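Descriptive structure summary
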Amino acid sequence: MKHKTLKNLIIALILIFLYLPIIILVLYSFNTSKMNVLFEGFTLDWYKNLFNNRTLLEAFTNTFIIAITSTITSTVLGTIGAIGLYKYNFKFKSFINLLLYIPIVIPEIVLGISLLSVYTLTKLELGMFTLILSHISFSIPFVIVSVRSTFSKSLDTYEEAAKDLGADDIKTFFKITLPQIMPGVISGATLAFTLSLDDVVISYFTAGPGSNTLPLQIYSMIKTGISPDVNALTTLMLLVTMIILFSLTFIQGRKIVGEKK
Amino acid sequence: MKTVVKLENISKSYEKGKYVIKNLSLDVYEGEFLTLLGSSGCGKTTILRMISGLEHVTDGKVYIDDKDVTEVDPTKREVNTIFQNFALFPHMTVYENVSFGLKMKKINKQEIKERVTEVLKLVELDGFEERYPSQLSGGQQQRVAIARGIIMNPKVLLLDESLASLDLKLKKMMQIELKKIQKKLGITFIYVTHDQDEALTMSDRIIIIEKGVIKQEGSPKEIYEHPNSVFVADFIGESNIFKSTIIHIDENKTIVDFDGKHFSIPRNEKDEIGKMVNIMVRPENVTISTEPFQNAIKGVIKTIVYDGSITKLFVDNEGDFDLRVTVKGSVDYKEGDTTYIIVDDKDIVAIREENHEE
């Protein structure tokens, strides 16, 4: 019995440690007081403020445009890349496999600076385009690694079985391969999306005028202290990400129903 | 008999100069149950894959129904494969799996439905349409795989060790069931296995393959009773093989000597006195006795294995060679007993191997 109580206590502590900050943040976004110290009363004023703050709204739209475009592009490219790296043998294949991990492990600041120098060198104007490009480039390795983990010998046999039953390459890909690697594609896309959504460092280097993103905006806002409208803003972000993540997990769950009980 | 599949001098090599299959020719007749039998790595699966088109031939030609399909894509060949682990699409229901091939052929929905219903009835799986493969037992999955293949009305159904993953009892049941389905549909089956029991039970004809070359072909009875090489005799069933020497040649029989005992075998024109001949006798064809007998081989029982309907005895002849004896039911002998083994001339199969390349 004692053992069980201790176990529950530890679980409770971990959960509190993980979620208390988030709960406080959400609570304070409804606080009438401007200070994040005492909860004085309930209000939706901060949310109203948000919708009147044009800079914030613009950053909000930018962030999601960047996140969605870069997620879709990097997922498509990364999936194709993973398939290519799995199915074909070519020179320097193992070297390319190794190269994939470098963007994952090098410090973001290095990646940010190097991307910036590329843009300067090629005289690309910093803005939405460079931001999207940067987000695509750091997301692709994550997608490739995630998709690649779903390949297996049995997938090869499923593809052969499909061909044997008369399905051409395109049909085999859409009817067999894609549904089978879907879990990897979805988790790759989820990773790409969340990475893009909260990226500060790389965006800091590659953003230009008129391409402010939410994380950058929040970062500049908290230089003068955390105001309740930041709380409201982050609560909204939390909500949106959660909705997207849950729906992705839901799709994934449905796709692989029956596959593994 | 009409030939449905014809392999003409086919070879397969993945590395230059190294052949997995070398210059192999084979005719498969309409409606037969043909088994390619061989140990793992002998190239039997490669042969199957070259018929289905999943593997290219390095040399030679493949004909299906008299048409040269050597360069034809697997999607366009009128053969279907049942894969080793069935390869049922896990994200599709039984219905979707079985109808997959017909959908690819763009057959109308109504006809697909009728044919799926019909074929599922045949494999006794009606009512399982909406299940996913993971919700089925091994035997049921096997039957879905068969249904998915035969719904296409293939000229030939290729089965790649399709029973290997089932447990023994289910395997025995499915062997009989497969044979029944094959008889009913009249489709040619080419079955690949390393399991000699399975081959003997199901086949009309067995092709024994070793190192990419056909060693022997014939009905199960022919192969069991008249193996043409030590390899085949050893591979199919249990056997006692002795090296004997020709000591006398008559008009129509040859006398050989083995361990001082003399046996008579039918004469072969190439027989010469002093030449070595392998003689083979199946363990169930020898008689064992405790009484000394003329021309009987003396030995001591080393091990007795009771196996229900039969008992297996391993007899040691002073360390020179081991003899296997199989008797029906149980025996009164003990391990260590001295026995005499009588081999009748008519049960002896002489194996004269002409080519000693190895």
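In this report, we go over the structure that sits alongside the text.

Basis of the calculations
Residues numbered from 1 in each chain as written. Chains lettered and ligands numbered in written order. Predicted model: local features only at pLDDT ≥ 70, side-chain atom pairs only at ≥ 80, totals over all residues. Helix = DSSP H or I, 4+ residues; strand = E, 2+ residues; numbered from the N terminus. Buried ≥ 20, exposed ≤ 12 C-beta atoms within 10 Å, placed from the backbone. Contact = placed C-beta atoms within 7 Å. Nonpolar A, V, L, I, M, F, W, Y, C, P; charged D, E, K, R; others polar. Axes fitted to C-alpha atoms, helices over the stretch in contact; angles between N-to-C directions. Parallel < 35°, antiparallel > 145°, perpendicular 65-115°, else oblique. Left-handed = near helix turned anticlockwise from the far one by under 90°. Pairing = 2+ DSSP bridges. Core = buried A, V, L, I, M, F, W, Y, C linked by C-beta atoms within 7 Å.

The subject of this paragraph is the overall build of chain B. The helix and strand inventory of chain B stands at eight helices and 20 strands. When the backbone C-alpha atoms are referred to their principal axes, chain B occupies close to 75 × 45 × 35 Å. The buried share of chain B, taken over its 358 residues, is 35%. When contacts within chain B are restricted to residue pairs at least 6 apart in sequence, long-range pairs at least 24 apart make up 63% of them.

Our focus in this paragraph is the overall build of chain A. Secondary structure summary: chain A contains eleven helices and zero strands in total. For chain A, the sequential pattern of α-helices and β-strands runs α-α-α-α-α-α-α-α-α-α-α. Each principal axis of the C-alpha atoms in chain A carries an extent, and together these give about 70 × 65 × 30 Å. Each of the 261 residues in chain A was classed as buried or not, and the buried ones make up 31%. A separation threshold of at least 6 residues defines the contact pool for chain A, and within that pool the share at least 24 residues apart is 77%.

It is worth spelling out the interface of chain B and chain A at this point. How large an interface is tends to be reported as the accessible area lost when its parts come together. Contacts between the two partners involve 20 residues from chain B, matched on the other side by 20 residues from chain A. Every element with two or more residues in the side of chain B that touches chain A is listed here: β6 (79-82) and α2 (94-104) of chain B. When residues in the side of chain B that touches chain A are grouped by element, the largest group, three residues, is from α2(B). Broken down by class, the residue content of the side of chain B that touches chain A amounts to ten nonpolar, nine polar and one charged.

What follows is about the packing of helix α6 (residues 128-148) of chain A against helix α8 (residues 169-197) of chain A. Residue and element names in this part refer to chain A. Across the interface, α6 lies against α8 with an axial gap of 8 Å and an inter-helix angle of 150 degrees. Accordingly, the angle class assigned to the pair α6 and α8 is roughly antiparallel. The two elements α6 and α8 meet at a crossing, and its hand is right-handed. When α6 is examined against α8, the residues H135, F138, S139, F142, V143, S146 and V147 are found in contact with a partner set consisting of I181, G184, V185, S187, G188, L191, A192, L195 and S196. Split by residue class, the contact of α6 with α8 holds nine nonpolar, seven polar and no charged.

Residues and elements named next belong to chain B. For N23, which is not glycine, the phi torsion reads 50 degrees and is therefore positive. Take N23: it is sitting in strand β2 (residues 21-29). For N295, which is not a glycine, the phi torsion comes out positive at approximately 65 degrees. Position of N295 among the secondary structure elements: in the loop between β15 (287-289) and β16 (297-307).

This part covers the sheet that holds strand β19 (residues 338-342) of chain B. Residue and element names in this part refer to chain B. What the five strands build is an open sheet, ordered β15-β19-β16-β17-β18; its pairing is antiparallel. Unpaired on one side and paired on the other, β15 and β18 (321-328) mark the two borders of the sheet. Ignoring strand direction, the axes of neighbouring strands in this sheet form an average angle of 40 degrees. In this sheet, strand β17 (residues 310-317) lies alongside β16 in antiparallel orientation, the contact comprising seven bridges. Each bridged residue has a counterpart across the sheet, and for I301 the counterpart in β17 is V315.

Another aspect to go through is the pairing of β6(B). Residues and elements named next belong to chain B. Side chains V79 and T81 of β6 all project onto a buried face; the interleaved residues N80 and I82 project onto the opposite face, where all are buried too. When β6 meets strand β7 (residues 156-160), the two strands line up parallel, connected through four bridges. Looking at β7, one finds that T81 is bridged to L158.

Residue and element names in this part refer to chain B. Taken in spatial order, the six strands of this open sheet run β6-β7-β8-β3-β9-β10, and their pairing is mixed. Because the sheet does not close on itself, it has two edges, and the strands there are β6 and β10 (213-218). Each adjacent strand pair in this sheet contributes to an overall mean axis angle of 20 degrees, direction not counted. As judged from the five bridges shared by strand β3 (residues 33-37) and strand β8 (residues 188-193), these two strands associate in the parallel manner. Bridge pairing links L37 to T193 in β8. This element, helix α4 (residues 138-150), spans β6 and β7 of the sheet and lies at about 175 degrees to β6.

Looking now at the nonpolar core. Generally speaking, nonpolar side chains in soluble globular proteins are found buried as a group. Judged by nonpolar contacts, the single largest core of 87 residues is most densely connected at I51(B), A147(B) and I190(B). The residues contacting A147(B), other than those within four sequence positions of it, are V98(B), V119(B), L120(B), V123(B) and L125(B). Listed in part, the 19 residues of the second largest apolar core include V143(A), I181(A), A189(A) and A192(A).

It is worth spelling out α2(B) at this point. Side chains that are three or four residues apart share a direction in an α-helix, a result of its 3.6 residues per turn. Residue and element names in this part refer to chain B. Listed as buried for α2 are V94, N97, V98, S99, F100, G101 and L102. Buried positions along α2 lie against α3 (109-122) and α4. One or two steps after α2, the chain reaches K106, where phi turns positive at roughly 60 degrees.

On to the environment of H194(B). All names here are of chain B. Residue placement: H194 occurs in the loop between β8 and α6 (196-202). For H194, a count of 18 C-beta atoms within 10 Å gives the class partly exposed. With 95 residues separating them along the chain, H194 and S289 place their C-alpha atoms 35 Å apart.

So, about the packing of helix α3 (residues 54-87) of chain A against α8(A). All names here are of chain A. Orientation of α3 relative to α8, taken along the N-to-C sense of each, is 145 degrees, at an axis distance of 9 Å. Remark: the crossing between α3 and α8 carries right-handed chirality. Touching T63, I66, A67, S70, T71, S74, T75, G78 and T79 of α3 are V185, G188, A189, A192, F193, S196 and L197, all from α8. Of the residues contributing to the contact of α3 with α8, the split by class is seven nonpolar, nine polar and no charged.

For the rest of this paragraph, the subject is the environment of I341(B). Residues and elements named next belong to chain B. By the element assignment, I341 lies in strand β19. Taking the C-beta count within 10 Å as the criterion, I341 has 21 such neighbours and is therefore assigned buried. The spacing of I341 and T254 is 87 residues in sequence and 22 Å in space, taken between C-alpha atoms. Beyond its immediate sequence surroundings of up to four residues, I341 is in contact with V286, I288, A296, I297, G299, V315, L323 and V325.

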